[in-house]
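Structure assessment
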Amino acid sequence: MAYTFRGFRFLMAQSNHEPEHVWLVMMKAMRALTRYAAAGIEETGLGLSDFAVLEVLLHKGPRRSIR
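Bear in mind that the values here come from a model prediction, so they are computed numbers and not experimental data.

Re a nonpolar patch on the surface
Together, L46, V53, L54 and L57 give the surface a local cluster of nonpolar side chains, amounting to about 320 Å² of exposed area. Note on placement: V53 falls in helix α2 (residues 48-60).

Set out below in structure tokens:
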């Protein structure tokens, strides 16, 4: 079976749906997304910790200073 989504053609085949197989597929997808995100962050000149601070500020708002 094949279907098309936004110009991409996907083939659906009978596949192994064992938990171990699903876990491996999910891990591969996570690695690919992590590499893609890290490359995008590096293009901005920010380090990972800089990006993490900006994410906190975006989602949580200004934080109190601890003195």
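Further notes follow.
Section: α2
Given 3.6 residues per helical turn, the α-helix brings residues three or four places apart onto the same face. Its 13 residues place the ends of α2 18 Å apart at the C-alpha level, agreeing with the 18 Å of an ideal helix rising 1.5 Å per residue. Following α2 by one or two positions, G61 has its phi on the positive side, about 85 degrees.

Some points on helix α1 (residues 19-43)
In a regular helix each residue adds 1.5 Å, so 25 residues correspond to 36 Å; α1 covers 36 Å between its end C-alpha atoms and thus fits that length. G45 sits one or two positions beyond α1 and adopts a positive phi of about 90 degrees.

Rules used throughout
Residues numbered from 1 in each chain as written. Predicted model: local features only at pLDDT ≥ 70, side-chain atom pairs only at ≥ 80, totals over all residues. Heavy atoms only, no water. Patch = residues over 30% accessible without salt bridge, like charges linked within 9 Å, V, L, I, M, F, W, Y side chains within 5 Å. Areas by Shrake-Rupley, 256 points an atom, 1.4 Å probe, with all protein chains shown as cover. Salt bridge = Lys/Arg side-chain N within 4 Å of Asp/Glu carboxyl O. Helix = DSSP H or I, 4+ residues; strand = E, 2+ residues; numbered from the N terminus. Expected span 1.5 Å × (residues − 1).

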